[in-house]
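# Geometric and topological summary
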Amino acid sequence: ALFRPQRAPNGRGGQGRWQPPQTAMPSTKSSALATGNDHVAVHMREAAILAALALTPEVSEDFESGLDGLTCADPDHAVLRDLILRHGYLGTEVLHEKIFSALGPEALDNLLSSRHVAIIPCIRTPGNAEMARMTVAEELAKLSAAKGLDAEIADAVQDLEGVADEGVTWRLSQAAAAAADATRSGKEDNAEYDTGDNGARI
């Protein structure tokens, strides 16, 4: 109904095609991505990882090396990372108590209620270990690919000061392709399906 023009009683088109709004909504202008700098995307991915592990800490042992590699420019994120690494294996209740005592009772609520965190499926359905595992693995892969691309660009800048060759172009294209692949939600669906009479997967 939003994208189709209203039909007039005589069956002909109404007022013409729907026109998108010409200016950004205030909520869009005030969003983290619109108001932030280049580090906002990293901050948001770290928040997603930490929120998923805070609600499902039993999977944190699978990602210890990835958690160690988080830079966490935000001091609260750094504290959360360290608490998950130290106490995640003890379960949700113990971990939340440690978070409350270290950061106060509102820190975790503020993290989970952030717009970009609240919409993540494993946050909306806490306790789903497989969903949390997929979310954390995907976000860590995106961070790693972005970091690798930045490193390749920095190396390429140094190489271009000398004699540039095709190797620089190839390395940059490979790093860019890896970063692009990581940004797609390419995780395989591990659910088991039956095929219905009509061929649809159930």
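Look above for the structure.
No experiment lies behind these values; they were computed from the predicted model shown. (Residues numbered from 1 in each chain as written. Predicted model: local features only at pLDDT ≥ 70, side-chain atom pairs only at ≥ 80, totals over all residues. Heavy atoms only, no water.)

### Here's the deal with the packing of helix 3 (residues 40–55) against helix 7 (residues 106–113)
In the contact formed by helix 3 and helix 7, the axes pass within 10 Å of each other and the chain directions differ by 120 degrees. Taken together, the axis directions place helix 3 and helix 7 in an arrangement best described as oblique. With respect to the hand of their crossing, helix 3 and helix 7 are arranged in left-handed fashion. Residues Ala-47, Leu-50, Ala-51, Ala-54 and Leu-55 of helix 3 touch helix 7, and the partners they reach there are Leu-108, Leu-111 and Leu-112. (Axes fitted to C-alpha atoms, helices over the stretch in contact; angles between N-to-C directions. Helix = DSSP H or I, 4+ residues; strand = E, 2+ residues; numbered from the N terminus. Parallel < 35°, antiparallel > 145°, perpendicular 65-115°, else oblique. Left-handed = near helix turned anticlockwise from the far one by under 90°. Contact = heavy atoms within 4.5 Å.)

### Thoughts on the nonpolar core
With 31 residues, the main nonpolar core has Ile-49, Leu-53, Leu-70 and Ile-123 as its most contacted residues. At the level of secondary structure, the elements contributing two or more residues to this core comprise helix 3, helix 5 (75–87), helix 6 (92–103), helix 7, helix 9 (121–124) and helix 10 (129–160). Every residue in contact with Leu-70, bar those within four places of it in the chain, is listed here: Glu-46, Ile-49, Leu-50, Arg-81, Leu-140 and Leu-143. (Core = buried A, V, L, I, M, F, W, Y, C linked by side-chain atoms within 4.5 Å. Buried < 20%, exposed > 50% of the residue type's maximum accessible area, 1.4 Å probe, protein only.)

### Quick word on helix 5
Given a rise of 1.5 Å per residue, 13 residues ought to cover 18 Å, and the 18 Å separating the end C-alpha atoms of helix 5 matches this to within 8%. Residues His-77, Ala-78, Leu-80, Arg-81, Leu-83, Ile-84 and His-87 constitute the buried set of helix 5. On its buried face, helix 5 sits against helix 3, helix 4 (64–68), helix 6 and helix 7. Measuring from the backbone nitrogen of Asp-76 back to the side-chain oxygen at the start of helix 5 gives 2.8 Å, which picks out Asp-74 as the cap. (Expected span 1.5 Å × (residues − 1). Polar contact = N/O pair within 3.5 Å; in protein donor to acceptor, adjacent residues only side chain to side chain.)

Function cannot be inferred from these measures alone, as they are strictly geometric.
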